[in-house]
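# Summary of structural features
Single-letter residue listing:
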Amino acid sequence: MMNKKFIYLVLFSISMAYLEASVVVYLRKIYYPAGFRFPLEPIESKILIIEVGREISTLLMLTAVSYMYGATFRKRFAAFLLTFGIWDIFYYVWLKILLNWPQSLLDDDLLFLIPIPWVSPALAPIIVSLFFILYYILESRTKVENHSIKPAAIILSATGTILILISFMWNVNERINSNSPVEFLWEVFIAGIIIWTLSLLITYRKKEKIMATDTLKLGSKAPDFSLEGVDGKTYSLESFKDKEALIVIFSCNHCPYVKAYEDRIIKIQEDYAPRVQVVAINSNDDVNYPEDSFEEMKKRAEEKKFNFPYLRDETQETAKAYGATHTPEIFLFDKNRELRFHGKIDDNWQDPSAVKQSYLRDALDELLAGKEISVPETFTIGCTIKWK
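Residues numbered from 1 in each chain as written. Predicted model: local features only at pLDDT ≥ 70, side-chain atom pairs only at ≥ 80, totals over all residues. Heavy atoms only, no water.

### Some details on a nonpolar patch on the surface
We apply this condition: Grouping into patches uses exposed residues only, defined as over 30% relative accessible area, and leaves out salt-bridged ones; the cut-off is 9 Å for like charges and 5 Å for nonpolar side chains (Val, Leu, Ile, Met, Phe, Trp, Tyr). Reported accessibility uses the Shrake-Rupley method at a 1.4 Å probe radius. Residues are deemed covered only where the shown protein chains occlude them. The working definition used for a salt bridge is a side-chain nitrogen of Lys or Arg within 4 Å of a carboxyl oxygen of Asp or Glu. Helical segments are the DSSP runs of H or I of at least four residues, strand segments are the runs of E of at least two, and each set is numbered from the N terminus.
On the surface, Tyr 18, Leu 19, Val 93, Ile 97, Leu 98 and Leu 99 cluster together into a nonpolar patch covering about 510 Å² of accessible area. Examining the composition of the nonpolar patch, we find that 4 residues originate from one element, helix 3 (residues 73–99), more than from any other. Relative to the helices and strands, Val 93 is located in helix 3.

This is how it looks when you write it as C-alpha cells:
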C-alpha cells in the first residue's frame, strides 16, 4: 500500500506547480503579450523584488513539507528533491496546458533569479528534476540508514552541482540580451549529470547487508556483561536466568528509529512476560552525543515508562562483543542463551499500522513453541552506533 504521506507530498508538489505556472501566465500576459522570447523585456525593480520573494517562498514551502515528511536529514533531503523535481516538471506541464508553451523542450527559459538569473533550454531543468526523483527512489529503497556518507560521493556530487550551475549561470547578462536560441553549455551540463550519476553509483551500487557477522554467528553463546541500569542495579546474563528467551536490544535516546520503535518494544515485553525478558543497552558516545548520557537515559526511561532494564555500556565493550553496529539492533537468545535471531523488529519503522512482517514477534512465537525460526536473520535498520 502506498504511503499516504507520499501521496500528499506528490499532490502538494503538483498543486504548487500550478500556482507557479499561473503566476507566469499573468506575467507573460503583461510583459510578453506577443509570446515569450529572448532578449528578455526589462522588468521594473519592484516587480523583480516580488519575483525574488516568490522564489524564496516557494523553496521555503518545499523545504517545510519535506521536513515534516522525513524523520532524518537524509530522508528529508530526499523528500525535498522529490518535491522539487515533481514541482518543476509539472510547472512545464501546466505551462504547456495553459499557454501551449514550450513548443519544444529546447525552447529557452528563465529558470531562477537567485542569486543571479539562470537561463537554459527547458529540457535541462527537466533532466535535473528527473535525476532528483531518481535519487529519492534509490534512497527510499535503501534498507539501512547509514550516516557515514562516502567522501568520494560527496566530492563527485559537489563537482557535478558546480558544473550544472555554471551551465545555467555563465555569461548570463549577455545571454539574457541575446536572441533565441540562447547559447547553452550542453557539454558542461552533461558532464555534471554524468558526475552526479557516478556519485549515485558509489552510494547505491549495492545493498548494505548488516547481518550476524563473524563476531556473533547464529548459535553463538551470548557474551556476558555487567552493566548498570537506570534503576541503579547492575545486570548480567545471570540476572535473567529464569527466562525462556532473552532479547538484547542495542538502543539509545537520540536515534529517530529507536524513538519510533520504543512503544513497540514496551508492548513486546508486556505481551511476552513473564517468559521473555527484554534488555536495552546504550553504548553510544555520550560526549559528542550528550542526549545519550546516563542521566538522559534515566529521564527517557521514566518518560516512556520502560518495563525492561535500560543499561549503560560506558566502555562500549559489550557492543563490540556482540558485534552490534546499529540502533535499534536485536539479538534474540533461547533458554541456553544461544543466538536464534538477529536483525530488526519489523518491516516498517515509520508506521506500525502498515507492518506486514513482524520479524521479532514471529521469531519469539516460533522459539517459544519449540519450532525452527523461519527468518533467523534480517537487515538491521537504524542509526549507527556512535563510537568513541
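Still more to cover.
### Topic: the nonpolar core
For clarity, the cut-off: The definition of a nonpolar core used throughout is a set of buried Ala, Val, Leu, Ile, Met, Phe, Trp, Tyr and Cys residues joined through side-chain atoms within 4.5 Å. Note on exposure labels: buried denotes an accessible area under 20% of the residue type's maximum, exposed denotes more than 50%, and partly exposed covers the range between, all computed with a 1.4 Å probe on protein chains only. Here, two residues are considered to be in contact whenever any of their heavy atoms come within 4.5 Å of each other.
Val 128, Phe 168 and Phe 189 are the most contacted members of the largest nonpolar core, which totals 53 residues. For this core, the secondary structure elements donating two or more residues are helix 1 (4–31), helix 2 (45–69), helix 3, helix 4 (123–140), helix 5 (151–169), helix 6 (172–176) and helix 7 (186–204). The greatest single-element share of this core, amounting to 12 residues, is contributed by helix 3. Once you skip the residues sitting within four places of it in the chain, Val 128 turns out to touch Ile 164, Phe 168, Phe 189, Ile 193 and Trp 196. Ala 245, Phe 294, Phe 306 and Ile 381 belong to the second-largest nonpolar core, a separate cluster that totals 35 residues.

### Thoughts on the state of the cysteines
Stated precisely, the cut-off is as follows: Cysteine sulfur atoms that come within 2.5 Å of each other are treated as a disulfide pair.
Summed over the entire model, instances satisfying the criterion amount to 1 disulfide. Here Cys 255 connects covalently by a disulfide to Cys 383, the sulfurs 2.3 Å from one another. The disulfide joining Cys 255 to Cys 383 has a torsion of about 85° about its S-S bond and is therefore right-handed. Taken together, the residues span a long stretch of sequence, with Cys 255 in the loop between strand 5 (245–251) and helix 8 (256–272) and Cys 383 in strand 11 (residues 383–384) at a distance of 128 residues.

### Overview of the sheet that holds strand 9 (residues 329–333)
Rules: Whether two strands pair comes down to DSSP finding at least two bridges between them. Every angle, taken between N-to-C directions, lies between 0 and 180 degrees, and every axis is a line fitted to C-alpha atoms, over only the stretch in contact when it is a helix.
Taken in spatial order, the 7 strands make up an open sheet running 4-3-7-6-5-9-10, and their pairing is mixed. With one partner strand each, in any of the chains shown, strand 4 (234–235) and strand 10 (339–343) form the two edges of the open sheet. Both strand 3 (residues 227–229) and strand 4 contribute to a ladder of 2 bridges, which runs antiparallel. By the bridge assignment for strand 4, Glu 228 is matched with Thr 234. Relative to strand 6 (residues 276–282), helix 8 is tilted by about 155°, and along the sheet it contacts strand 5 and strand 6. With respect to the sheet, helix 9 (residues 294–304) is in contact with strand 3, strand 6 and strand 7 (310–312), its orientation differing from that of strand 7 by roughly 175°.

### Some remarks on the confidence of the model for the protein
Segments scoring low in pLDDT should not have their predicted coordinates read at a detailed level. The condition that has to hold: The quantity called pLDDT is the predictor's confidence in a given residue, expressed from 0 to 100.
Averaged over the protein, the pLDDT score is 92; the fraction of residues at 70 or greater is 95%. Here residues 207–212 is modelled with pLDDT under 50, and outside its nearest four sequence neighbours on either side it reaches 19 contacts, counting other chains as well.

### What about the pattern of salt bridges?
Counted by the stated rule, this structure contains 22 salt bridges. Note that Glu 295 and Lys 298 form a salt bridge whose closest N and O atoms lie 3.4 Å from each other. In this pair, Glu 295 and Lys 298 both sit in helix 9, 3 residues apart, roughly one turn of the helix. Taking the relative accessible area as the measure of exposure, Lys 298 reaches 33% and is therefore partly exposed.

### Some words on the environment of Thr 197
By secondary structure assignment, the location of Thr 197 is in helix 7. A residue is classified by how much of its surface remains accessible, and Thr 197, at 34% relative accessible area, is partly exposed. It is 8.9 Å that separates the C-alpha atoms of Thr 197 and Gly 160, two residues lying 37 residues apart in sequence.

### Structural notes on the pairing of strand 10
Successive side chains on a regular strand alternate, one facing one side of the sheet and the next facing the other. Taking burial as the measure, the 5 residues of strand 10 include 4 buried ones, the bulk of the element. Remark: 5 residues form the turn of the hairpin made by strand 9 and strand 10, two consecutive strands paired antiparallel; Arg 337 in that turn has positive phi of roughly 60°.

### Side note on helix 2
For the record, the criterion: Multiplying 1.5 Å by the helix residue count minus one yields the expected span of that helix.
Its 25 residues give helix 2 an end-to-end C-alpha distance of 36 Å, which sits within 8% of 36 Å, the value for a rise of 1.5 Å per residue. Within the span of helix 2, buried status applies to Glu 51, Arg 54, Glu 55, Thr 58, Leu 62, Val 65, Ser 66 and Tyr 69. Buried positions along helix 2 lie against helix 1, helix 3 and helix 4.

### Things to note about the side chain of Asp 292
Quick reminder of the rule: In this tally Asp and Glu are treated as negative and Lys and Arg as positive; neither His nor the chain ends contributes. As used in this structure description, the phrase polar contact means that two N or O atoms lie within 3.5 Å; if the pair is within protein, one of them must be able to donate a hydrogen and the other to accept it, and residues adjacent in sequence are counted only when both atoms belong to side chains.
Tracing the sequence through the fold places Asp 292 in the loop between strand 6 and helix 9. Buried charged residue Asp 292 carries no salt bridge. Nearest counter-charge: Arg 312, at 6.3 Å. Of note is the side chain of Asp 292, whose polar atom sits 2.9 Å from the side chain of Asn 284. Look past the residues within four positions of Asp 292 in its chain and what remains in contact with it is Cys 252, Asn 253, His 254, Asn 282, Asn 284, Asp 286, Met 297 and Arg 312.

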